Amino acid sequence: MSDSIVTSRRSFLGKSLAVLAAGGAVAACGKKESAGPKSLACNDTSSLAPADAQMRTTLGYVDVSVQQGKACSGCQLYKAAPAEGQCGGCAVLKGTVNPNGYCNSWTPKA
Ligand code: SF4
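For the structure given in this document, a descriptive report is provided here. (Residues numbered from 1 in each chain as written. Predicted model: local features only at pLDDT ≥ 70, side-chain atom pairs only at ≥ 80, totals over all residues. Heavy atoms only, no water.)

This part is about the overall build of the chain. Each helix and strand counted, the chain has two helices and two strands in total. Mapped from its N terminus to its C terminus, the chain presents α and β elements in the order α-α-β-β. Looking at the chain as a whole, 24% of its 110 residues are labelled buried. Long-range pairs, those at least 24 residues apart, make up 67% of the contacts in the chain between residues at least 6 apart in sequence. For the chain, the computed accessible surface area is about 7,600 Å², with 60% contributed by carbon and sulfur atoms. (Helix = DSSP H or I, 4+ residues; strand = E, 2+ residues; numbered from the N terminus. Buried < 20%, exposed > 50% of the residue type's maximum accessible area, 1.4 Å probe, protein only. Contact = heavy atoms within 4.5 Å. Areas by Shrake-Rupley, 256 points an atom, 1.4 Å probe, with all protein chains shown as cover.)

Following this line, the structure appears as structure tokens:
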């Protein structure tokens, strides 16, 4: 086998590994992003009175809003979370709410 073929193969393998490593870094970034606030769970109603848990259902609370431009963090009734990445509260619903959540009582911030 000639030296030029071996060098060419090494060069190809090196470039291929670099591409794979870059792809892995992109994939890792994607995983980190999906573990962000949108995956935050703020819908545990186990400590609530049945009527308070029912109110969340009645108002259609969801942890991730499907209403374009309408999320709890933009709602007048939202009580900010103590720190970024944590659940907040709500003036209407008992229990925690997700800053990305939504319910039918959504009211735009003044
Ligand atoms: S009223 Fe609804 S949309 Fe507004 S903060 Fe409370 S749960 Fe979120």
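What follows deals with the site of the ligand. Around the ligand, the neighbouring residues are Y61, C72, C75, L77, Y78, C90, L93, C103, S105 and W106. Looking at the shell around the ligand, its residues break down into nine nonpolar, one polar and no charged. (Near = heavy atom within 4 Å. Nonpolar A, V, L, I, M, F, W, Y, C, P; charged D, E, K, R; others polar.)

For the rest of this paragraph, the subject is the side chain of R56. Within the fold, R56 resides in helix α2 (residues 50-58). R56 has contacts with C42, N43, T45, L48, Y61, L93, K94, G95, T96 and V97, leaving out every residue within four places of it along the chain.

Within this structure, the stated rule accounts for one disulfide. A disulfide bridge connects C42 with C87, and the sulfur atoms are separated by 2.1 Å. Negative torsions about the S-S bond denote left-handed disulfides, and the value of about -90° found for C42 with C87 makes this one left-handed. Residue C42 is located in the loop between α1 (3-34) and α2, and its partner C87 is located in the loop between β1 (78-79) and β2 (89-90); the two are separated by 45 residues in the primary sequence. Grouping residues by exposure puts C42 and C87 together as buried. (Disulfide = S-S within 2.5 Å.)

Moving on, we come to the side chain of N98. Locating N98 in the fold gives a position in the segment after β2. Separated by 2.8 Å, the side chain of N98 and the backbone nitrogen of N100 make a polar contact. (Polar contact = N/O pair within 3.5 Å; in protein donor to acceptor, adjacent residues only side chain to side chain.)

Quick look at the nonpolar core now. In terms of nonpolar packing, the biggest core is built from twelve residues, these being L40, C42, L59, Y61, C72, C75, Y78, C87, C90, L93, V97 and C103. With residues near it in sequence (within four places) discarded, Y78 still touches C72, S73, G88, G89, V97 and P99. (Core = buried A, V, L, I, M, F, W, Y, C linked by side-chain atoms within 4.5 Å.)

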